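# A look at the structure
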Amino acid sequence: MPTYARLPLRFERGEGVWLWDTEGKRYLDAIASIAVCGLGHAHPGVREAICQQAGRLVHTSNLYRIDLQERLAGELTRLSGLDNAFFCNSGAEANEAAIKIARKYGHHRGIPNPAIIVMQRSFHGRTLATLSATGNRKVQQGFEPLVDGFIRVTYDDIAAVKALDDPRIVAILVEPVQGEGGVRVPAPDYLNQLRTLCDERHWLLMLDEVQTGIGRTGRFLAYQHNGILPDVCTLAKALGNGVPIGACLARGTAAAMLTVGSHATTFGGNPLACSAALAVLQAIERQHLVQRAAELGEEIIAAIRARLSGNPHVLEIRGKGLMIGIELDRPCANLVPLALGEGLLINVTADATVRLLPPLIMEAEPTERLIETLVPLIMRQG
Ligand SMILES: Cc1ncc(COP(=O)(O)O)c(C=O)c1O
């Protein structure tokens, strides 16, 4: 079905930060296949883990214990500070699990019609519940009736959340940095303030880290910049470096909401996907990639600012770690094919924001190439 406006090229092979198309042309993947391939392409550790596991056991049903799934849950709870994990296959599914946890929590507290606070410009996925939670009419249009039980407020506006006085509210679902919404970085204490409010009002703080997680923002999880713990945290994208896997992590009361028979998915947490994710986590630690994302992100943002500040068409250059947005004063989707011509893969989101999500393994030469290619293209945009 024609659900994507695909660009007219196909990739045949990848290695590290590079991709090659069928004509043999090389491209720098500065969006890591949309925040998925944090370790770049054909990472030796991940390749080895997948190949070995494929030869041993790809799938067993969740009717039985799965060693690799238990190990992955152990690693993720250690790294996140949360208590347990439910495994699925995508970001939307991880958020579905979070939404179901919030609803169960509501019923547990005697609230028959629980509601979740969500944000304008948010993105949580394309299933019916997650597109209903998403703050973008384009995503919802034509799929009404939407799923009920979401109350929307402005992002990064703590007063708007405080002003809500609705007994149905049981949780907040929010991205620590909005990705699809235009790489929007909230005030440094926004998550802390949400945490305090949730504690006061007995709401669950549920963080969608599908895009920000797994080292992307310069901490393993973005909330670790704030020294807080959420009640629920969702992951997908970079967790398997391209092997589909999602996870919903939870803590305390939230961790006890899903019980035997209340939620499931056939493929969730199968041995193959878990072996890939374990290899990803191991590589991130061994290669010190979280630290690298923090340092490299600062470097790239500083370099782009130095070259583009003062340009009348550049409204703002913002980011956290290797999640970087350059907002222009006009729609700029035309930059994508222009960059492609120069062998550079970028993305434009929210119409006018160039989004960069480079692999965490970037080194000096591709970083320089990224800046030297992108900056002149943006300068010519005026
Ligand atoms: C923050 C966020 N949540 C959820 C999703 C949905 O993930 P998936 O496409 O794996 O369903 C995305 C995808 O872009 C995302 O950025």
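This is a predicted model, so every value here is computed, not measured.

How each quantity is defined
- Sequence order as written defines residue numbering, which begins from 1 separately in each chain.
- For a predicted model such as this one, the threshold for reporting local features is a pLDDT of at least 70, and the threshold for listing and counting side-chain atom pairs is 80 or more; totals across whole chains, interfaces and linings nevertheless cover every residue.
- Excluded from the side-chain calculation are hydrogens and water; included are all heavy atoms of the structure.
- By nonpolar core we mean a set of buried residues, namely Ala, Val, Leu, Ile, Met, Phe, Trp, Tyr and Cys, connected to one another through side-chain atoms within 4.5 Å.
- Per-residue accessibility, obtained with a 1.4 Å probe over protein chains only, is compared with the maximum for each type, and a residue is labelled buried under 20%, exposed over 50%, and partly exposed between these values.
- Each helix is a run of H or I in the DSSP string that is no shorter than four residues. Each strand is a run of E no shorter than two, and both are numbered from the N terminus.
- For each domain, the first and last residues come from an automatic or database assignment.
- Throughout, a residue-residue contact means that at least one pair of heavy atoms, one from each residue, lies within 4.5 Å.
- Strands qualify as paired when DSSP identifies two bridges or more between them.
- In this description, a line fitted to the C-alpha atoms serves as the axis of each element, helices being fitted only across the stretch in contact, and the angle between N-to-C directions of two axes falls anywhere from 0 to 180 degrees.
- Nearness here has a simple test: a residue counts as near a molecule or strand if at least one of its heavy atoms is within 4 Å of that partner.
- Counting of polar contacts relies on pairs of N or O atoms within 3.5 Å, with two restrictions inside protein: one atom must be capable of donating a hydrogen and the other of accepting it, and residues adjacent in sequence are counted only when both atoms are side-chain atoms.
- The Shrake-Rupley method, run with a 1.4 Å probe sphere, supplies the accessible areas, and residue values consider only the shown protein chains as cover.
- Note that Gly is not counted as nonpolar here; it falls among the polar residues with everything else outside the nonpolar set of Ala, Val, Leu, Ile, Met, Phe, Trp, Tyr, Cys and Pro and the charged set of Asp, Glu, Lys and Arg.
- In summary, the pairing rule links any two rings of Phe, Tyr or Trp, Trp by its six-membered ring, whose centres are within 6.5 Å, and it sorts them by plane angle into stacked for under 30 degrees, edge-to-face for over 60 and tilted for everything else.
- Any Lys NZ or Arg CZ that is within 6 Å of a ring centre and within 35 degrees of that ring's normal is treated as a charge sitting over the ring.
- We define a salt bridge as a contact between a side-chain nitrogen of Lys or Arg and a carboxyl oxygen of Asp or Glu at a distance within 4 Å.

## Re the nonpolar core
Ranked by size, the top nonpolar core spans 91 residues in total, and within it Leu76, Ile172, Ile326, Val354 and Leu356 carry the most contacts. Here the element with the most residues in this core is helix H9 (residues 271-286); it accounts for 10 residues. Lining this core are residues from two domains, each supplying at least three of them: domain 1 (11-30 + 288-379) and domain 2 (46-286). Not counting residues within four places of it along the chain, the set of residues in contact with Ile172 comprises Ile116, Ile117, Met119, Val161, Leu194, Cys198, Trp203, Leu204, Leu205 and Met206. Membership of the second largest hydrophobic core comes to 26 residues, among which are Ala98, Ile111, Ala250 and Met257.

## Description of the sheet that holds strand E9 (residues 232-235)
With mixed pairing, the 7 strands of this open sheet are ordered in space as E4-E10-E9-E8-E7-E5-E6. The sheet terminates laterally at strand E4 (84-88) and strand E6 (150-153), the two strands that pair on one side only. Strand after strand, the sheet turns through a mean of 20° between neighbouring axes, direction not considered. Where strand E5 (residues 115-119) lies against strand E7 (residues 169-174), 3 bridges are found, and the strand directions are parallel.

## Looking at the site of the ligand
The full set close to the ligand counts 13 residues, and Gly91, Ala92, Asp208, Gln211 and Lys237 are the nearest of them. The backbone of Gly91 places a nitrogen or oxygen atom 2.8 Å from an oxygen atom of the ligand. Protein contacts shield 81% of the accessible area of the ligand, which totals 390 Å² for the unbound molecule. Across the shell around the ligand, the residue classes tally to 3 nonpolar, 6 polar and 4 charged.

## As for the sheet that holds strand E3 (residues 26-29)
One open sheet accounts for 4 strands, arranged E1-E2-E3-E13; its pairing is mixed. In the strand order of this sheet, the two ends are held by strand E1 (11-15) and strand E13 (344-345), each with one partner. Relative to E13, E3 runs parallel, the two being bridged by 2 bridges. Bridge pairing links Asp29 to Leu345 in E13.

## Some words on the packing of aromatic side chains
Centre-to-centre distance and the angle between the planes together describe a pair of aromatic rings. Per the counting criterion, the structure on display carries 2 aromatic pairs. A ring pair is formed by Phe11 and Tyr27, whose centres lie 5.3 Å apart and whose planes are at 85°; its orientation type is edge-to-face. Placement of Phe11 in strand E1 and of Tyr27 in strand E3 is noted, with a sequence separation of 16 residues between them. For Tyr27, a relative accessible area of 4% puts it in the buried group. Over the aromatic face of Trp20 sits the side chain of Arg13, whose NZ or CZ is 4.0 Å from the ring centroid. Arg26 extends its terminal NZ or CZ atom over the ring of Trp18, reaching a point 3.5 Å from the ring centre.

## Regarding the domain arrangement of the protein
When its domains are assigned, the protein resolves into domain 1 (11-30 + 288-379) and domain 2 (46-286). Measuring from the centre of the C-alpha atoms in domain 1 to the corresponding centre in domain 2 gives 27 Å. Opposite the 23 residues of domain 1 that make contact, domain 2 presents 24 residues. Among the ionic pairs, Arg355 bridges to Glu180, the shortest N-O distance being 2.7 Å.

## Quick word on the pattern of salt bridges
For side chains bearing opposite charge, pairing can occur when the charged atoms are close. Throughout the structure, instances matching the rule amount to 13 salt bridges. Close ionic contact of Arg78 with Glu285 constitutes a salt bridge, the shortest N to O distance being 3.2 Å. Of this pair, Arg78 sits in helix H3 (residues 67-80) while Glu285 sits in helix H9, and the two are 207 residues apart along the sequence. Among the residues examined, Arg78 registers a relative accessible area of 46% and is labelled partly exposed. One salt bridge in this structure joins Arg195 and Asp231, with 3.0 Å as the shortest N-O distance. With Arg195 in helix H8 (residues 190-201) and Asp231 in the loop between strand E8 (204-208) and E9, this residue pair connects regions lying 36 residues apart in the sequence. Of the two residues, Arg195 and Asp231, neither departs from the other in class, the shared state being buried. Each of the salt bridges in this network shares a partner with another, and the network as a whole consists of Arg195, Asp199, Asp231 and Arg251.

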